[in-house]
Amino acid sequence: MQEVLYHYGADLIFNGELDLSVKMNQNNSDQIKYMRAALAQARLAYKKGEVPIGCVIVHDGEIIGRGYNRRNTDKCTLAHAEITAIRRASKALDDWRLEDCTMYVTLEPCQMCAGAIVQARIPRVYAGAASPKAGCAGSILDVLNNNEFNHQVEYEQGLMESECSALLKKFFTELRVKNKEEKKQNRMNLIFDIDGTLWDTTEIVSEAWNDATYDIGIGDKLGRFVTADMLKKEFGKPMDVIVDDLYPNETPDIKEKLQTQIKIREQERVGGCTMDLAYPEVRKTLRTLACRGDCAIYIVSNCQDGYIPLVMGKIGIKDIVADYECFGVTGLSKSDNIKLLCERNGIEPADAIYIGDTAGDYESAVAAGTDFIYARYGFGDDVPVPGYKGRSIAAFRELLDI
């Protein structure tokens, strides 16, 4: 099995057995010498970042025309290796007819070049690699040996085939890596907080917290209920910190039991809610960003394990979130989880933006080394910290304009 590449393309397109109609005599030293000269031309194209195709034209044992692919360099469709070589050979002979010449080219000619070969009356062509999905010397069409034309070409393929294919394969492998890196560098990596940024569940979650206090038998003793406004001041912190803030007088054992029951009740309340808890146009905006092709979406939250999948399912964004992380899984701070997610996805923190709605979110982004966009519509104040000069949004849809 040997990999074969298409002519002047942008990627590998075929893997399979070469089916060569004519195999050349590899012992012909002159043929090898001239094909090496064509490969030298192909390497010039390679050095310029062009698809490495090279061509030479020989007359009476002398190379009279050389060419290599310069299509991108010259910004010209006609700048194929064969066309350039034909032009130079014609100039050398002072004749458009190249009737006593032989062409050596590293890849099967395309339709344009095959047509030019026929028009130039070149009698013989030796090629290296096949071009199964673009070649017009037998792969797709056989322009060179069409009996309807007034000139046919003796065509042999396979001379130094492995060397010609190897250079093309090397080029396209490197090109894919380069394109992938450029795409990654140009990609906008958006990492979202949840509560106060994507949605507001404080009314429902406050009910879950109050349910949990009665479940473990401390509801009557407390004599007060947790409200949505109370939670808005707390969200963004890990649950154990919130429990310490709201129930400071309880024992560690009670607090642990309360956290366990709160998680259960939250899943029940939020999971069973039929209302749209997301802020206006969150779903539409996220899907628009994801469809642009230059944006990757992530989530990092201080929530408990299982909460992020619940959020994604309720909002309808499971299929567009590339990755997520939370305190409930790792036990790490939000800034460390941001760094962990970036590392896992090959992202430099400086190339990511964290979107959140509290001073804690801003501080986490700074600690992680990411940029920050402040969601002014969320649970925080007008600015995350005094003197904040960074970017902010008053509505989620404004992310489409960043």
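Residues numbered from 1 in each chain as written. Predicted model: local features only at pLDDT ≥ 70, side-chain atom pairs only at ≥ 80, totals over all residues. Heavy atoms only, no water.

Draft legend 1. Spatial organisation of the sheet that holds strand S12 (residues 371-375). Here we have 6 strands laid out as an open sheet, ordered S10-S9-S8-S11-S12-S13, and parallel in their pairing. Two strands lie at the open edges of the sheet, namely strand S10 (321-326) and strand S13 (391-393), each paired on one side alone. Between one strand and the next, the sheet's axes are offset by a mean angle of 25 degrees, whatever the strand orientation. Where strand S8 (residues 188-192) lies against strand S9 (residues 295-301), 5 bridges are found, and the strand directions are parallel. Considered in S9, the bridge of Leu190 is made with Ile297. (Pairing = 2+ DSSP bridges. Helix = DSSP H or I, 4+ residues; strand = E, 2+ residues; numbered from the N terminus. Axes fitted to C-alpha atoms, helices over the stretch in contact; angles between N-to-C directions.)

Draft legend 2. Structural detail: the pattern of salt bridges. Per the counting criterion, the structure on display carries 22 salt bridges. The salt bridge partner of Asp200 is Lys232, with a shortest N-O separation of 3.8 Å. On the criterion of sequence distance, the pair formed by Asp200 in the loop between S8 and helix H6 (202-215) and Lys232 in helix H8 (residues 228-234) is long-range, its members being 32 residues apart. Between Arg344 and Glu325 there is a salt bridge whose closest N-O contact spans 2.8 Å. Of this pair, Arg344 sits in helix H14 (residues 334-344) while Glu325 sits in strand S10, placing them 19 residues apart in sequence. With a relative accessible area of 41%, Arg344 lands in the partly exposed category. (Salt bridge = Lys/Arg side-chain N within 4 Å of Asp/Glu carboxyl O. Buried < 20%, exposed > 50% of the residue type's maximum accessible area, 1.4 Å probe, protein only.)

Draft legend 3. Structural detail: helix H9 (residues 239-246). All buried positions along H9 are accounted for by Met239, Ile242, Val243 and Leu246. Angularly, the buried residues of H9 cover 100 degrees about the axis, an arc narrow enough to put them on a single face. Tucked into the core, H9 has its buried residues touching H6, H8 and helix H10 (252-272). (Arc of directions from axis to C-beta. Contact = heavy atoms within 4.5 Å.)

Draft legend 4. Focus on the side chain of Lys334. Relative to the elements of secondary structure, Lys334 occurs in helix H14. On the basis of relative accessible area, Lys334 is assigned to the buried category, the value being 3%.

Draft legend 5. Local environment of the layout of surface pockets. In this structure, the second largest pocket encloses a volume near 210 Å³. Lys232, Lys233, Phe235, Thr358 and Ala359 are the residues nearest the centre of the second largest pocket, which is lined by 16 residues in total. Of all the secondary-structure elements, those providing two or more residues to the lining of the second largest pocket are H8 and helix H15 (359-368). In terms of residue class, the lining of the second largest pocket is built from 6 nonpolar, 4 polar and 6 charged. (1 Å grid on protein atoms, 1.4 Å probe; cavity = no way out; pocket = protein on both sides within 12 Å on 5 of 7 lines; lining within 4 Å. Points joined across faces, edges and corners; volume = space filled by probe spheres on them. Nonpolar A, V, L, I, M, F, W, Y, C, P; charged D, E, K, R; others polar.)

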